[in-house]
Each structure stands twice: as structure tokens, then as C-alpha cells.
Amino acid sequence: MTKNQLAIFSIGLLIKAIVCSLALYFSGNYLGLKWLNEPIFDFQLGQILRPIETESSNYAPGAVFFAPLVSIGSFILGEVPARVLVLANALLCDSLIYYILLRIVPVENRTATLSAYWFSPIMLWCLYRNGGLDYLYPVLPAAGFYFAKSQEYKKAAIFFGLAAAAMPLNVLLIPIFGLYFYGRGRRRHLTNQIMIICCITSLAASAAIAVQPALRILLYQGLTVAGPLSMSIKTSTQYEILLFPIFCFLLLFAAWRIQRLNFDLLLGLGTLAMTGFLVLLPWSLSLAVLAAPFLAAHAGKSLRSGMVLYVVFSFSVTILQILAALNFIDLVSVTPRVTASVAITTVLVSSTALFIQVARRSISRSYFFQATRRPIVVGIGGDSGAGKDTLASLITDLVGSSAVAHVSGDDYHLWDRHRPMWRALTHLDPRANDLARYESDVAKLVDRRYILAPHYDHSKGQMTKPFRVNPSEFVVASGLHALWSPSLNQIYDLKFFLDIDEDLRRFLKVRRDTSVRGHSVEAILASMDRRAEDRALYIEPQIQKADIILKLEPRVKGFLIRGYEASEPALRLIANIRSGVSVGELTQCLIAYCDIFALQNYNGSGDCELVVEGEPSAEDIGVAAANLAPELTDFLQGSPIWRPGLRGVMQLIVLTQIDRVRLERLGKS
Ligand SMILES: Nc1ncnc2c1ncn2[C@@H]1O[C@H](COP(=O)(O)OP(=O)(O)OP(=O)(O)O)[C@@H](O)[C@H]1O
Ligand SMILES: O=C(CO)[C@H](O)[C@H](O)COP(=O)(O)O
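Residues numbered from 1 in each chain as written. Chains lettered and ligands numbered in written order. Predicted model: local features only at pLDDT ≥ 70, side-chain atom pairs only at ≥ 80, totals over all residues. Heavy atoms only, no water.

1. Some remarks on the confidence of the model for the chain
Phase 1 of the analysis: Residues at a pLDDT of 70 or more form 80% of the chain, whose mean pLDDT is 82.
Phase 2 of the analysis: With pLDDT under 50 throughout, residues 28–64 is counted as low confidence; its partners more than four residues away or in other chains account for 90 contacts. (pLDDT = per-residue confidence, 0-100. Contact = heavy atoms within 4.5 Å.)

2. With respect to the site of ligand 1
Phase 1 of the analysis: Contacts to ligand 1 come from 15 residues, most closely from Ser-384, Lys-388, Asp-389, Thr-390 and Arg-512.
Phase 2 of the analysis: Take Asp-389: an N or O atom from its main chain is 2.9 Å from an oxygen atom of ligand 1.
Phase 3 of the analysis: In the model, an oxygen atom of ligand 1 is placed 3.4 Å from a nitrogen or oxygen of the Arg-647 side chain.
Phase 4 of the analysis: Taken by itself ligand 1 offers 630 Å² of open surface, and the protein chains cover 89% of this.
Phase 5 of the analysis: For the shell around ligand 1, the secondary-structure elements that each account for two or more residues are α18 (388–399), α21 (502–515) and α26 (645–665).
Phase 6 of the analysis: It is α18 that provides the largest number of residues to the shell around ligand 1, a total of three residues.
Phase 7 of the analysis: A per-class count over the shell around ligand 1 returns four nonpolar, four polar and seven charged. (Near = heavy atom within 4 Å. Polar contact = N/O pair within 3.5 Å; in protein donor to acceptor, adjacent residues only side chain to side chain. Areas by Shrake-Rupley, 256 points an atom, 1.4 Å probe, with all protein chains shown as cover. Helix = DSSP H or I, 4+ residues; strand = E, 2+ residues; numbered from the N terminus. Nonpolar A, V, L, I, M, F, W, Y, C, P; charged D, E, K, R; others polar.)

3. Details of the pattern of salt bridges
Phase 1 of the analysis: A complete count under the given rule lists 23 salt bridges for this structure.
Phase 2 of the analysis: Residues Asp-493 and Arg-374 are paired through a salt bridge, measuring 3.1 Å at the closest nitrogen-oxygen approach. Residue Asp-493 is found in the loop between α20 (486–491) and β8 (494–498), and its partner Arg-374 is found in the loop between α17 (367–373) and β3 (376–382); the two are separated by 119 residues along the sequence.
Phase 3 of the analysis: With a closest N to O distance of 3.4 Å, Arg-535 and Glu-502 form a salt bridge. Of this pair, Arg-535 sits in helix α22 (residues 521–539) while Glu-502 sits in helix α21; the two residues are 33 residues apart in sequence, bridging distant segments of the chain.
Phase 4 of the analysis: Look at Glu-502 and you get partly exposed, because its relative accessible area is 26%.
Phase 5 of the analysis: Connected via shared salt-bridge partners are Asp-383, Glu-502, Arg-505, Arg-506, Asp-529, Arg-535 and Glu-540. (Salt bridge = Lys/Arg side-chain N within 4 Å of Asp/Glu carboxyl O. Buried < 20%, exposed > 50% of the residue type's maximum accessible area, 1.4 Å probe, protein only.)

4. Describing the nonpolar core
Phase 1 of the analysis: Phe-145, Phe-177, Leu-269 and Phe-313 are the most contacted members of the largest nonpolar core, which totals 104 residues.
Phase 2 of the analysis: For this core, the element with the most residues is helix α15 (residues 285–325), which contributes 18 residues.
Phase 3 of the analysis: When near neighbours in sequence (up to four residues on either side) are disregarded, Leu-269 contacts Ile-176, Leu-251, Ala-255, Ile-258, Leu-261 and Ile-363.
Phase 4 of the analysis: Residues Leu-573, Leu-636, Leu-655 and Val-661 belong to the second largest nonpolar core, which totals 54 residues. (Core = buried A, V, L, I, M, F, W, Y, C linked by side-chain atoms within 4.5 Å.)

5. What about the packing of aromatic side chains?
To describe a pair of aromatic rings, one takes the distance between the centres and the angle between the planes.
Phase 1 of the analysis: One pass over the full model with this rule turns up 23 aromatic pairs.
Phase 2 of the analysis: Ring centres 5.0 Å apart and planes at 85 degrees place the aromatic pair Phe-177 and Phe-181 in the edge-to-face group. Here Phe-177 pairs with Phe-181, and both are found in helix α9 (residues 173–182), just four residues apart, close to one helical turn. In this structure, Phe-177 and Phe-181 share a single accessibility class: buried.
Phase 3 of the analysis: Look at Tyr-180 and Phe-181: their rings are 5.5 Å apart centre to centre, the planes differ by 85 degrees, and that puts the pair in the edge-to-face class. (Phe/Tyr/Trp six-rings, centres within 6.5 Å; stacked < 30°, edge-to-face > 60°.)

6. Looking at a nonpolar patch on the surface
Phase 1 of the analysis: A surface patch of nonpolar side chains, about 690 Å² in accessible area, is lined by Ile-233, Ile-241, Ile-246, Phe-249, Leu-250, Phe-253 and Trp-256.
Phase 2 of the analysis: No other element matches the five residues that helix α13 (residues 243–258) contributes to the nonpolar patch.
Phase 3 of the analysis: Residue placement: Phe-249 occurs in helix α13.
Phase 4 of the analysis: A relative accessible area of 53% places Phe-249 in the exposed class. (Patch = residues over 30% accessible without salt bridge, like charges linked within 9 Å, V, L, I, M, F, W, Y side chains within 5 Å.)

Next up, the structure:
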């Protein structure tokens, strides 16, 4: 906690202590202190269990947690200390929420959020008027969010389950939390387990409430719960349209459509769930208290406009409640008086505006949502054997196989290996490939539509059955002509060209084509010579279109001439990054964490060149990555599989470039 945050906490605590003293001092005589006269505060355990015939109350779920304390306290200590215990309990919940907000809100928004929450008149009024019973409603989901943030998912599930039991309207948090897991490749396998924990906790706690007649009545007939549940629009026939299920459906549908939720989106959707009910029932203090900490977190993030709305909302709720406490307006059967109407309308308007703002800022404008909505499209060009498919598979290892839709140019050759057309054209000639289909398939995937891609089987030299490629968060298009088409070049977010040293390419291609594709060394060398002209005409010009040129070369020239059977050659990687973005941080990380040779140069045209030599371990690459892009775990679907050596360095280059694209999309670069 910083000095500022400690000062906010101390001043707020002082104000809260004064409010508690006033509550105890006036003891039911001023502004109708409600909680002291509630049946649950008859300070006898038996009282809670008896059916309540009187007007229904909102306190039932809270009572389950508070009543034992009050009863025991009053039994041992007497009535006044028991009341003090209730207030102390409320202050404890309040402080816990303060601590949780401190933990779950980004550093730069903390002070604003904490001030908004800690001095909120809604919370102060709740402490005075209701003895803080309602604090239970936000503290349980807040604990759920806290544990979700710290990745203690089982604990989070327990608290979301309890939150749903203490306030059944919070039940929406359970499927939203389920979608948080379902939509993320890396955590999907936990979905069932987490949902089972949520549901069992919630059912067990609800059963404990439901077996007690008084609590059952209070829980299911109270204004807070029954109000939104029964809200409806009358149609011209005898039917009514129920608003609550429509709200649930729309919110869950939105959560499902987002597909992948990170923590901020989870918090945003949770805030919407809790604020949505408030819009349906603006006169409920419990719902305002439930939403207040989460709206404060939103206000802290959205700065001026969000904060203004939050302040209007907080004061209008409090004024409305004070007017009701003074019997100036009747909130249960709302009287059509001007003051009441104005106060309720202000709450309604400000809470609706906050709801819309949370939806827009936390979700549709969220960093994560923006970055994952349109796939990141990567084009990889280069000659045969330059390492295009290797780079594509390094990207797959980095971002997770379910996050990549890969289109390989080899699958778009027009003819099988033994067809006569190959005597006229080489594979490097664009006319020998169905580039129109290649282009439209990439475009479809970017448009989030699946494709049926053709398939060329290199082991048989034949086209085989087309296969389905589903759209995903990354579309990787590799191939001899990946950077050939101007329209594709406009779609790519990242364009790589593999400009491998020619001796090394021959070495790698011969090694691969003899072992994997069943060719003889002579046939391979002859085909390479035959392709030389087309290489200059169709492949080399694509280098101009690339943003990143990766050049692999042997560290010792002439090494390869000794023969194709030679052992793995020591290589050097030269990455030419045209984006104009410095790779200084990457260079530093390579030196510091991988202990290899890495040098950054600038050439005359302002391009940045990185020269790397060495064989870092996969572990070191992982450590360098964690330092280069700390938000990586939140963004990527799977845990990256880091590769050792220069392949791992290529993964780091891709990583920094992906980060750059994400920042550019958000206008942050
Ligand atoms: N960084 C690297 N270090 C060592 N070997 C590599 C590297 N990149 C590629 N190779 C090797 O080079 C050979 C050719 O690579 P790859 O199959 O990826 O090339 P390609 O450009 O996709 O070829 P083609 O267009 O003919 O399909 C493979 O055997 C691969 O293992
Ligand atoms: O240029 C190539 C890949 O980029 C290959 O030579 C082309 O795909 C033909 O493959 P194969 O030799 O297995 O028939």
C-alpha cells in the first residue's frame, strides 16, 4: 500500500468509526435505524428460525452469516456489545473489499478506485442504516474475483458459489465464471471441475438457508430478490414478458460470443451482471451496495466520465434512501410524488449510463477483447527449404495449436508431382498455384469462417482429400507466394521473409527432401538449378514486402561444402526489422537471460538489425519471454512450448512483433 492509499484508508476508517458511533448513539431514534428493530436482532437464536409473518425483509441471506455472531455475542456479552460486534463485522467486510480492490485493480487506477469506494456515501449510509448487513453481498463476489485474479480457482469457485447463495441474483456469476474457463484453451479442462465446485457450494449454502422457514420467506419474497425476478412488461394479451430471463440470456450470450475472457473481461461481465439488476430495481439499497465496489473499480479505470457518473449514482442512491428513511417517500409502493420520481429517475439514469459505459469500456474496448477479436494475420514467404513451415510451427508452439489456423502454400499447387505441366512451369511460378483460392481461404479465415483447404501430400506427390481448417486467433499463411499478392499483403499484420543463406538452404533442402520427400540428391540439385530463374523473378521480389527478414547463415563459411551428411552446422541469425521498432529490449534479454551473443545495429535506412549467435536452452528462452512480455500468460491460450537454440530466438522475435501489433491495434504504440 502506498502512502496515499494508507492515508485514504485511515481517513475513511475514521469517518466510518464516527458513523458507527452515531448508529449506536442514536440507537433507532434518528432516521429510523432499521436494523436494530429487525426480528433477527431479537438477539435470540430461536427468533431467526421462526416464520416471520410481518412485512418481508431483505436481510435473510445476510442474517445467516451475521445472526450466529449476534446471538452468541448478545448471549455472552449483552445487547450493546452484540451491536458493536455487528458493526465490527461490517467494518471487517468493508476493509476486506478495500484490500481486494487494491489487489485486483491495475496499479495506475488504484488510488482513484479506492477513494471512490472507501468514501462512497452508499456504503456509509448502509453502515448507519442497515448496520452493514448488506456488506456481505459484495464481499463474497469480491473474494471470488480476488482468488480468480490470483489463479486460485477452486477458492474462487467456492466464493462465487457462496455469493450466489447469499444473493441469488448473483447466480449469473457462476456461468460467467464457467465461460472464463471454457473459452481458454489452456484452462478448458478445468471447466467441469470448477462448475461442480460452484454449484455444490451454492446448493449447500442455499439448502442451509431454505430449510429455515423464516429465512426461506425472507430470501425468496424479499424485495431485493423477488423484485427483479418478477419484473415484466405486460403485453396486450394476458401474458407478461419476464425481463430477468431476457437479461440473463443477453448477458450470457454476450459472454459466450466474446469467446475468450481474461480477468478484466470476467470482472467487466460480473459488474454488468450486478449492475443490470440495479437498473431493474433502482430503489434497492442492497443492490446498490452489491454493485458499488465493482462500479468504483470501473470508475477508477475510466477516469473522468466514469467517475462523474459514479458520483452522481452514489449520491442519488443515498439521497433516495435518506428520503425514504425520513418517510418522505415510500420505496415499497412507490408513490407518484415528484421528489420520489426525480430521485428514482436520477438513480435509474446514472446506473443505466454506468451499465452502458461498463459494457463499452470494460468489454468492447478492452485491451484483450480488441486484441483477440480480429485474428492476428501472419504471412511467411521464402524459397523452398528456407524454413517457412518451421517458422509456422514455431508460432504454433508459441501461441498454442488451437489458436492457429495455418494455410500452407504447398497445398495450393495445381498438379500432382508427375503431371506433364511441371515440364513447362516450376512450383515457383505463380501460374502453377491456385493463388486465387489461397487468397480467398486466408481472407475467409480472417473473416472467422472455416475453410476446406486442399492438401498436397509430399510423401506421395499427390493432392489428397481437402481438410477443414477452423478460424482462430492467429491466421498463419506460409508459402512460396505468401507475400506475392498485394491484397494479401494488406491483410497481414506481420510479414516475414526467410532469406536463408543459399548454401545453407541447399544443405537443409537436400537433407529434408531425401529423408522426408523421397527425392534423390541429383534430382533435388537439378530442380534447384532449374528454378533459379523463377526464384529471381517471383520469390526474391517478395523480400521488399516483408516487415521482418530472417536470415540464417552458417557461422563458418564453406563448412557445408564438405558434404550434405555433415553434422548440424553452427548458425547465425540476422533479423532485419523494418518496422522501425527498436529491438533493444530483446537484445538485452538475450544477453542477460540467455547468455548468448546478441548485437543490435542500425543500417542507413533506419532499419534495425539484430545479429544473434549461440544455443540458448528452452528454459532460458522462457525466462527471457517472461521478462519481455509479462502479460503473455493472459493473452496466449496455451503455455508456450519454447524451443532451444536459434529457433527459440525466432520465437522471441515473433513474440515481440505480436506484442507490437496488439499495442498498435489499441493505438498505444
Ligand atoms: N532455424 C532452423 N534451424 C535449423 N534447421 C532449420 C531451421 N529452419 C528450418 N530448418 C530445416 O530446414 C528444412 C526446411 O525447412 P522447412 O520445411 O520449414 O522449409 P519450407 O520453407 O517450409 O520448405 P518448402 O517450401 O519446401 O516446404 C527442414 O528440414 C528444417 O528442419
Ligand atoms: O517448392 C516446394 C515447396 O515450397 C516443393 O518443391 C513443392 O511443394 C513440390 O513438392 P514435392 O517435391 O514433394 O513434390
